[in-house]
Amino acid sequence: MIYLKSPSEIEKIRAASQIIGELLDTLTAMIVPGISTWELDQYAESFIRERGGKPAFKGYKIPGLKPFPGTLCTSPNSCIVHGIPSKKVILKEGDIIGIDVGVIKDRYYGDAARTYAVGQISSEAARLMDVTRTALSLGIQAAVDGARVGDISYAVGSYIASQGYFPADDLTGHGVGIKLHEDPQIPNSGKAGYGPRLEAGMTLAIEPMVNIGTNRVIEKGWEFFAADGSLSAHYEHSILVTNAQAEILTKA
Ligand code: MG
């Protein structure tokens, strides 16, 4: 079931989402060689709680795995998503790292992700980040009242393919707001003109996850990796579908 949100619900989703936008901006200055993903996670949890929110991923359960232990998903290099923050994961010059974060405030959810460069990165890594960021903005542009989910998927997936890269298999965007993950699923490739129709008042998390070398993924517990060990990037925004251009809720 796809929820249409009321203006008062949208206000709460916007408030949760704004904490995320500010946090992801603030993290930029902290992401330098030598910091551990655990330190980033500790910082993020305090940041969210100081603003009256709660981490939405911490304690998240899926069958067969221990509850997710972090506030952030921290996913370096070939890790696509759901990397677990750890004192043992120390960022080094030239890494890229995807940071994904969900916040609950007044019972409503926002969700967003960004990929960061650690110091000086290769031109290949920078290009992957650019392509993934552009794929997200094309997806957001396609998310208008009256369009279909497949129009988002096509906008994202056809652009990724045109750049010679690969959307990670089986990892999709989703509705968000009343729950962390709501219908509809939003695949990162697909056919224009198909799928559920979008309506003003839907809140969606669009999130291209893009690998340089393959669409195939390997799961190790929570963590997903590009099967060929190639670099992977991830950008995500929670957005509100409107009668005009979608509103990006997780912008700082
Ligand atoms: Mg998400």
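Residues numbered from 1 in each chain as written. Predicted model: local features only at pLDDT ≥ 70, side-chain atom pairs only at ≥ 80, totals over all residues. Heavy atoms only, no water.

1. Concerning the side chain of threonine 115
Next, step 1: Within the element layout of this structure, threonine 115 appears in strand β5 (residues 108-117).
Next, step 2: The class for threonine 115 is buried, based on a relative accessible area of 5%.
Next, step 3: Of note is the side chain of threonine 115, whose polar atom sits 2.8 Å from the backbone oxygen of histidine 234.
Next, step 4: The contact partners of threonine 115, leaving out residues within four places of it in the chain, are Ile96, Ile97, Gly98, Met129, Ala233, His234 and Tyr235. (Helix = DSSP H or I, 4+ residues; strand = E, 2+ residues; numbered from the N terminus. Buried < 20%, exposed > 50% of the residue type's maximum accessible area, 1.4 Å probe, protein only. Polar contact = N/O pair within 3.5 Å; in protein donor to acceptor, adjacent residues only side chain to side chain. Contact = heavy atoms within 4.5 Å.)

2. Some thoughts on helix α1 (residues 7-30)
The α-helix winds at 3.6 residues per turn, so residues separated by three or four positions along the chain end up facing the same way.
Next, step 1: The terminal C-alpha atoms of α1 lie 35 Å apart, and with 24 residues this matches the ideal 34 Å at 1.5 Å per residue to within 8%.
Next, step 2: Those residues of α1 not exposed but buried are Glu9, Ile10, Ile13, Arg14, Ala16, Ser17, Ile19, Ile20, Gly21, Leu23, Leu24 and Leu27. (Expected span 1.5 Å × (residues − 1).)

3. Brief notes about the packing of helix α3 (residues 123-142) against helix α4 (residues 149-162)
Next, step 1: Interaxial distance between α3 and α4 falls to 8 Å at its minimum, and their mutual angle equals 155°. Between α3 and α4, the angle falls in the class roughly antiparallel. At the point where α3 passes α4, the crossing takes the right-handed sense. Across the interface between the two elements, Val131, Thr134, Ala135, Leu138, Gly139 and Ala142 of α3 pack against Asp151, Ile152, Ala155, Val156, Tyr159 and Ile160 of α4. (Axes fitted to C-alpha atoms, helices over the stretch in contact; angles between N-to-C directions. Parallel < 35°, antiparallel > 145°, perpendicular 65-115°, else oblique. Left-handed = near helix turned anticlockwise from the far one by under 90°.)

4. A few points about the sheet that holds strand β11 (residues 217-220)
Next, step 1: The three strands lie next to each other as β3-β12-β11, forming an open sheet whose pairing is antiparallel. Looking along the sheet, the strands with just one partner apiece sit at the ends: β3 (79-81) and β11. With direction set aside, neighbouring strand axes in the sheet form an average angle of 40°.
Next, step 2: Strand direction decides the pairing type here: β3 and strand β12 (residues 223-226), joined by two bridges, are antiparallel. From the neighbouring strand, cysteine 79 faces β12, where its bridge partner is phenylalanine 225. (Pairing = 2+ DSSP bridges.)

5. Some points on the layout of surface pockets
Next, step 1: In this structure, the largest pocket occupies an estimated 570 Å³ of space.
Next, step 2: Taken together, 23 residues form the lining of the largest pocket, with Tyr60, His82, Thr172, His174 and His181 sitting closest to its centre.
Next, step 3: Elements represented by at least two residues in the lining of the largest pocket include exactly β7 (173-175) and β8 (182-186).
Next, step 4: Counting residues per element, the lining of the largest pocket draws most heavily on β8, at three residues.
Next, step 5: Split by residue class, the lining of the largest pocket holds 11 nonpolar, six polar and six charged. (1 Å grid on protein atoms, 1.4 Å probe; cavity = no way out; pocket = protein on both sides within 12 Å on 5 of 7 lines; lining within 4 Å. Points joined across faces, edges and corners; volume = space filled by probe spheres on them. Nonpolar A, V, L, I, M, F, W, Y, C, P; charged D, E, K, R; others polar.)

6. A closer look at the coordination of the magnesium ion
Next, step 1: In this structure, Asp111 (OD), His174 (NE2), Glu207 (OE) and Glu236 (OE) serve as the protein donors to the magnesium ion, at separations of 2.2 to 2.3 Å.
Next, step 2: For the magnesium ion, the single-chain donor residues occur in sequence as D-x62-H-x32-E-x28-E. Note that aspartate 111 is positioned in strand β5 and histidine 174 in strand β7, a separation of 63 residues in sequence. For the pair aspartate 111 and histidine 174, a shared accessibility class is recorded, and that class is buried. (Donors = N, O, S within 2.8 Å, 3.2 Å for Na, K, Ca; no water.)

7. Observations concerning the environment of valine 101
Next, step 1: With respect to the element layout, valine 101 can be found in strand β4 (residues 96-105).
Next, step 2: Judged by relative accessible area, valine 101 falls into the buried class, the value being 0%.
Next, step 3: With 11 residues separating them in the primary sequence, valine 101 and alanine 112 have C-alpha atoms 5.7 Å apart.
Next, step 4: Look past the residues within four positions of valine 101 in its chain and what remains in contact with it is Ile20, Leu23, Leu24, Ile48, Phe57, Thr71, Leu72, Gly110, Asp111 and Ala112.

8. Examining the pattern of salt bridges
Next, step 1: Enumeration according to the criterion identifies 10 salt bridges in this entry.
Next, step 2: A salt bridge links arginine 51 to glutamate 22; the shortest N-O distance between them is 3.5 Å. Here arginine 51, found in the loop between α2 (37-50) and β1 (54-55), pairs with glutamate 22, found in helix α1; they are 29 residues apart in sequence, far enough to count as distant.
Next, step 3: Classification of arginine 51 as partly exposed rests on a relative accessible area of 31%. (Salt bridge = Lys/Arg side-chain N within 4 Å of Asp/Glu carboxyl O.)

Limitation: the analysis is restricted to geometry and does not speak to function.
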